[in-house]
Amino acid sequence: MKNKSLLKLLLLCCCILILTWKSNAQSFKLIKQIDTLAKIARVDNLGNLFLVTPANELMKFNPDGKFLWNYTNNSFGDIDQIDITDPLRVILYYQAYQQVVVLNNNLSEISSYSFNNNPNQQIALVASANNNGFWIYDQLNRELKKLSNNFIDELKSGNIYQRNGFDMNAVFMLSTDLYVFINDAGEGIRIFDRFGNYYKTAVINPVRAFEVEGDELIYQQDHKLWRYNFMTFKKEEIKLPLTKPGSTFSYRLKRLFILNEKGLTLWALNAN
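Presented here is an overview of the structure given in this document. (Residues numbered from 1 in each chain as written. Predicted model: local features only at pLDDT ≥ 70, side-chain atom pairs only at ≥ 80, totals over all residues. Heavy atoms only, no water.)

As for the pattern of salt bridges
Pairing is possible between side chains that carry opposite charge, provided their charged atoms lie close to one another. Operational definition: When a carboxyl oxygen of Asp or Glu is within 4 Å of a side-chain nitrogen of Lys or Arg, the pair counts as a salt bridge. Under the DSSP-based scheme used, a helix requires at least four consecutive residues in state H or I and a strand at least two consecutive residues in state E, with every element numbered from the N terminus. The cut-offs for exposure are 20% and 50% of the maximum accessible area for each residue type, with area from a 1.4 Å probe on protein chains only; residues under the lower value are buried, those over the upper are exposed, and the others partly exposed.
If you walk through the whole model with that rule in mind, you get nine salt bridges. Note that Asp 167 is salt-bridged to Arg 142, the shortest N-O span being 3.2 Å. With Asp 167 in the loop between helix 2 (160-164) and strand 14 (170-175) and Arg 142 in the loop between strand 11 (133-138) and strand 12 (143-147), this pair connects stretches of sequence that are 25 residues apart. Assessed through its relative accessible area of 40%, Asp 167 is described here as partly exposed. The shortest N-O distance in the salt bridge between Arg 227 and Glu 236 comes to 4.0 Å. What makes Glu 236 partly exposed here is its relative accessible area of 38%. Among the charged side chains, a network of salt bridges with common partners joins Arg 42, Glu 211 and Arg 252.

What to know about the environment of Leu 256
We count it as follows: Any two residues having at least one pair of non-hydrogen atoms within 4.5 Å are treated as being in contact.
Looking at where Leu 256 falls in the secondary structure, it is placed in strand 23 (residues 255-260). Assessed through its relative accessible area of 0%, Leu 256 is described here as buried. A C-alpha to C-alpha distance of 29 Å links Leu 256 and Gly 77, two positions 179 residues apart in sequence. Those residues in contact with Leu 256 that lie beyond four places of it in its chain are Phe 28, Leu 225, Leu 240, Pro 241, Phe 249, Ser 250, Tyr 251, Thr 265, Leu 266 and Trp 267.

Here is the structure:
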């Protein structure tokens, strides 16, 4: 009798685990399929979707996938980075030209700036900072800097290699009010405080981009989507509704996109 009861209990546990996995795997509903090729896709704090096409056209869609506006500038080559941390301000960075272009939420140009004005620096990354400022990473001087909205230096980290003993291969950057996060390819996410001081490293390896929600980093690795709490070190997989080899995906504010060579699918987390 004990063996039968134990077997029934094991079968029940297996069924619960299977049902839980299926529930997690099917927790997203398809909102929209967008048949537009894109090399960059991001979701802002309001759930709007931004795409950069191979032709360097920036396109904005509302949270339901409806096309809103676009922006094209052929003067500066490839758009390498976009930052939409502030939904009222879109930052584009054309690294080859060391050129920043700032747009409003309707994708109309409001300002631009060239870092070529200073030949003693080589800016690898640009991100939004509070008070309409900017964070930049100067690869030549291995320095993290905060700039005002007029691109005037407000603070500098100093040479990170000399201060902290590591030389970053910086490929992506985001900031919050408290921290600056830099993907140091192959080493992890380097985390700095709001004064540019090195704080810690999250030993994870995103493909390139990542998202930040509170104390969690959300990123793609090994064809899977993960969330990692850099305070508690807890790591958890986010089950995807579908994926193909070569797909890029990201999750932010209950919105998931899956990008492949045919276009993009936009998903929402089910309330259930």
